[in-house]
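# Remarks on the overall topology
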Amino acid sequence: MRCLAPCPSGSYPPESQGSGLCATMELGTLEGSYLDLLNSDVDPLHLYHFYDQMDLAREEEIELSSEPDTDTINCDQFSKLLGDIEGDEETREAYANIAELDQYVFQDAQLEGLSKDLFIEHIGPEEGFGESMEVQAETGQRAQKRCFPEEWPTDPKHRKLATPSRTSLSCLDFPIGPFQVLSALPQGLWQISGTGTGLSSVLIYHGEIPQANQVLPSSSPTVPSLPKSPDRPGSTSPFAPSATDLPSLPEPAMTSRVKETEDTTSPAPSQAGAESPLKLPKWPDTVEQFLHSLRDKYQAKTEGPGGPLVAMELIRARLERGSNKSQERELATPDWVERQLAKGGLAEVLQAASDRRKPRETQVIAVLGKAGQGKSHWARTVSQAWACGQLPQYDFVFYVPCHCLDRPGDTYHLRDLLCPPGLESLVIDDEVFGHIVRRPDRVLLILDAFEELEAQDGLLHGACGPLSLEPCSLRGLLAGLFQQKLLCGCTLLLTARPRGRLAQSLSKADAIFEVPSFSAEQARTYVRHYFEDLGMAGDQDRAFTLLEDQPFLLSHSHSPALCQAMCQLSKALLEQGTGAQLPCTLTGLYVSLLGPAARDSPPGALAGLAKLAWELGRRHQSILQETQFPSVEARTWAVARGLVQPTPGTTEAQLAFPSFLLQCFLGAVWLAQCSEIRDKELPQYLAVTPRKKRPYDNWLESIPRFLAGLVFQPCTHCLGALMGPAVATLVDRKRKVLTRYLKRLQPGILRAGRLLELLHCAHETQEPGIWKHVACQLPAHLSFLGTRLTPPDIYMLGKALETAGQDFSLDLRHTGIEPSGLGSLAGLRCVTHFRAALSDTMALWESLRHRGETQLLQVAEEKFTIEPFKAKSPKDVEDLRNLVQTQRLRSPSGDTTGDLPAIRDLKKLEFALGPVLGPQAFPKLAKILPAFSSLQHLDLDSLSENKIGDEGVLQLSATFPRLKALETLNLSQNSITDVGACKLAESLPSLAQSLLRLSLYNNCICDTGAKSLAQVLPDMVSLRVMDVQYNKFTAVGAQQLAASLRKCPHVETLAMWTPTIPFGVQEHLQQLDARISLR
């Protein structure tokens, strides 16, 4: 931000004030404050000159220098001036105008950093960063010194400056003459003065100005241009200074890392041979060294559990309130076709909210996903991409695992957040730190595994005052970031699980993305790369065979963590060469992986590690210290066997579980074999039935399935193989307790999510009696509306439906089900009807038609239903139109025998788009209404009104001859007037034999419309109920309707109360005919 302070016009002779461009200016008297000046439409060049004409009597409190040619204000006065300007109620508009002026004056790309830096540094004392955290104190002290040049010309008529010896001078050529820039003023103040133009001195505050010796060019009317960038022409602004006329820019003016000097421009003829080329300053050596070290750190490959890399595209997501009564927000589940993939890659993710981002506003981007989906690995690739030069918009990128921040005590500074002490981080000294915070808009801060900070709940919405230089708590530091008190304007990239207290607060993030699951093709790619990296490419086909023999495990290959576990076990089985197969449960998978490690473990080592996993999970943590192990032998064994491993990049003695699922399995091992938990309390940990008080909040979400498997599967091959035969008696008691609990459950009353969890637990038990009991208790109509269905859920549901031996109808809308899973459920013989998103279903049909699976295509078309259908968005209307178009392509001759059952059997259709979208989308609906020949209920009413108007009634009336089965027509709250009522009355005889109920409630029908309806009423022989309440007809219209009602013995009710009819008239009409309702 350049802050311009005009000097008094009296500082110059009268003759100089009337010369130049001012002779032709007719701006009139300019009144108001600085904001009025900034908000005016006056050309900036005129503004600079016109300020010389202003009466500055109202600003006498500003103490100016006594020297006539160097009138200025000191730093305290300057700050006060800024505060007065900012305190005005129109400050935001002022800032916008300043930004526009900034862009107008400094248009070239290489000077963009200077203008923006000035704007950021001096936007206001309470909004900057330097006053809130650790900005060097000596910088502010230097800015207070007055250091005027000793040799200053005293004759204002001959303002020729001598070549300075230790001061920095420069000249800006404008059309009206040269302007001189003096940087030998107090630190941070530049003076620009024009000779013979009547323009007073203008002071520009910036920062410390390095000294330079440049020869001033002679006065010349020519306007040198800025150096031309390769991708844009040079600036033609009259305010654009020549690059050779500017002094060496200070450090804050840099906007990006530039190691080499800029191209030199050709000087004007009058300047040839007199000027040196412009060289942008380099960063300080300490900043350069820190930058190189940071890049080297991110480029180094870290050892971790990531496994092979498979390219995945993030999905744009949003959080919505859950279907239950709780206030928790969950990831919205879009239809499969509606998914918005971030095909632009990392660039699209980081620029997701840039179009809505305001200047100096922190941008928050959240990447959510379940545990084991690869969020942390993706976050590390972001820092590696920056280190390789792929993110030039950022000068600094800091990757921070949140488990390194969760330390007790109030000892946090901002630099501790950027480089936590627990990491192998670099030292940020004062000079580097000041350089970073000076340009927060060029800083990307990555907070990985944000759920690790759940103890800091409320930081996004809690009160946060101005931050001081004193150390503060982690909560206060994070609150300063999210509430834009610290690093205001930076980019925050967070990764977290979609459930949890902190994740719920991220609904207000600027952009939310979701890490998707592996597709079937991506899972195969992962397996192929896994064996290729091990030099076992020849065993790929055998590994695929092992997976395909266990379809349940194959369905779990959508998870990268489980895919890696299956590859590890497949590798071990292939090396044994015994012809063994993969287990059919997740419990068996992890028992097989841990069995060899358990056999050579020190006494009590596995039990101690299991207890640690459970206790950490209760605290929502996954990192443990080396000192927490029961013994050194136990720690050495766990590390050697890969059960724990050092966290990447940390210097402290921290260890982490290779995967979240392994921690869940070990926690279940502890629950299954410990005697500290009473047997009757064990069912609470299955988390199948809701309880007011549960011993844990299901953070270790996979424990119920592992617990059921460990307790019910044969002890000798399961828990006994891990813990020894001594646990057999304890396991038998717990098995009896869980058996009684599971057989008392009623699956028909469980919500969809808990029902799926019960099916998974029953499968893990491998007990035929429990599985049969659960499957046979399923209700005939299963609705999973709004519940996300993963590939394992689809497999388990299909298996349960086949076991039940009865017919089912499924509601699969808003489940995000894959087309392959939708086809597998639709193809089951026990499924008679299914309902899914229209777009997903038609995509499935198209896929089956393309693959030539005609039999499954025919089954999917016959079983699909949309009854009843409610259009709540334009997309719903468009999907319905596409369905009708599909039928027309299927039966081009119009033969009704080829109609799709979904269209042929639709009985009820609701239209509820509201007053804005309703009038726009209804014409599309009216065009396809004739296709629904069996339609009985057409509801065009909405709680927020549809307002289809008279034009909509005209379009609707044209469809009546084709709607022979229509029984209910609701046209309430649609802004229908007499014109629409008359047109409706003309078309109603087409429905005389079928229409039972007609509602025109709360419209604008007057006496003319009421008369038309009264005339057609005797012809409606099937009509039983008519509602015309809250319209605008008077007693005349009411009497006509009452008279017509006497001719209609078949009509049962006529609701006619309207405020425009006198109450006495209404009572009289009701006494004449009791069928008239006044409710």
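Please refer to the structure higher up on the page.
Residues numbered from 1 in each chain as written. Predicted model: local features only at pLDDT ≥ 70, side-chain atom pairs only at ≥ 80, totals over all residues. Heavy atoms only, no water.

Right, let's get into the overall build of the chain. When you go through the chain residue by residue, the secondary structure sums to 39 helices and 27 strands. Here the chain holds 1079 residues, and the buried ones make up 54% of them. Restricting the contact set of the chain to residue pairs at least 6 apart, pairs at least 24 apart contribute 75%. With an accessible surface of roughly 48,000 Å², the chain has 51% of that area assigned to carbon and sulfur atoms. (Helix = DSSP H or I, 4+ residues; strand = E, 2+ residues; numbered from the N terminus. Buried < 20%, exposed > 50% of the residue type's maximum accessible area, 1.4 Å probe, protein only. Contact = heavy atoms within 4.5 Å. Areas by Shrake-Rupley, 256 points an atom, 1.4 Å probe, with all protein chains shown as cover.)

It is worth spelling out the environment of Thr 491 at this point. If you trace the backbone, Thr 491 turns up in strand S12 (residues 491-496). For the pair formed by Thr 491 and Val 443, sequence separation is 48 residues and the distance between their alpha carbons is 6.4 Å. If near-sequence neighbours (up to four positions away) are discounted, Thr 491 is found in contact with Arg 357, Gln 363, Ile 365, Tyr 394, Val 443, Leu 444 and Leu 445. A polar contact of 3.2 Å, which involves the side chain of Thr 491, links it to the side chain of Tyr 394. (Polar contact = N/O pair within 3.5 Å; in protein donor to acceptor, adjacent residues only side chain to side chain.)

With that settled, consider the sheet that holds S12. The 6 strands lie next to each other as S6-S13-S9-S12-S11-S10, forming an open sheet whose pairing is mixed. Edge positions in the sheet fall to strand S6 (315-317) and strand S10 (396-401), since each of these pairs with one other strand and no more. The sheet shows a mean angle of 25° between the axes of neighbouring strands, direction not considered. One ladder, built from 4 bridges, connects strand S9 (residues 363-368) with strand S13 (residues 511-514); its direction is parallel. Pairing of Ala 366 across the sheet is with Ile 512, part of S13. (Pairing = 2+ DSSP bridges. Axes fitted to C-alpha atoms, helices over the stretch in contact; angles between N-to-C directions.)

This brings us to the pairing of S9. Summarising burial for S9: 6 of the 6 residues are buried, a large majority. A two-sided burial pattern is seen for S9, the buried positions comprising Gln 363, Ile 365 and Val 367 on one face and Val 364, Ala 366 and Leu 368 on the other. Pairing analysis gives 6 bridges linking S9 to S12, with the strands arranged parallel. Paired with Ile 365 across the strands is Leu 493, a residue of S12.

Before going further, it helps to examine unusual backbone geometry. With omega at -15°, the peptide bond leading from Glu 867 into Pro 868 counts as cis. Secondary-structure assignment places Pro 868 in the loop between helix H31 (854-863) and strand S20 (869-871). At Gln 766, a residue that is not glycine, the phi angle is positive and equals roughly 60°. Take Gln 766: it is sitting in the loop between helix H26 (752-765) and helix H27 (768-776).

Between helix H22 (residues 660-673) and helix H23 (residues 703-712), the shortest axis-to-axis distance is 8 Å and the interhelical angle comes to 45°. Comparing the axis directions of H22 and H23 gives the class oblique. For the crossing formed where H22 meets H23, the hand is right-handed. Between H22, through Leu 661, Cys 664, Phe 665, Gly 667, Ala 668, Val 669, Leu 671 and Ala 672, and H23, the contact on the second element is made entirely by Ile 703, Phe 706, Leu 707, Leu 710 and Val 711. (Parallel < 35°, antiparallel > 145°, perpendicular 65-115°, else oblique. Left-handed = near helix turned anticlockwise from the far one by under 90°.)

What follows concerns the state of the cysteines. By the definition in use, this model includes 0 disulfides. With no disulfide partner, Cys 715 has as its closest neighbouring cysteine sulfur the one in Cys 718, 7.7 Å distant. On the basis of relative accessibility, which here comes to 13%, the residue Cys 715 falls in the buried class. (Disulfide = S-S within 2.5 Å.)

The next thing to look at is helix H30 (residues 838-851). Counted at 1.5 Å a residue, the expected span for H30 with its 14 residues is 20 Å, and the 20 Å between its end C-alpha atoms agrees. Every buried residue belonging to H30 is among Leu 838, Ser 839, Asp 840, Thr 841, Met 842, Leu 844, Trp 845 and Leu 848, and all of these are buried. Tucked inside the fold, the buried residues of H30 contact helix H29 (819-826), strand S19 (831-835), H31, S20 and helix H32 (874-890). Of the residues trailing H30, Gly 852 is marked for its positive phi of about 80°. (Expected span 1.5 Å × (residues − 1).)

This part is about the environment of Cys 472. Secondary-structure assignment places Cys 472 in the loop between strand S11 (443-448) and helix H13 (474-482). As a C-alpha pair, Cys 472 and Tyr 412 span 60 residues in sequence and 5.3 Å in three-dimensional space.

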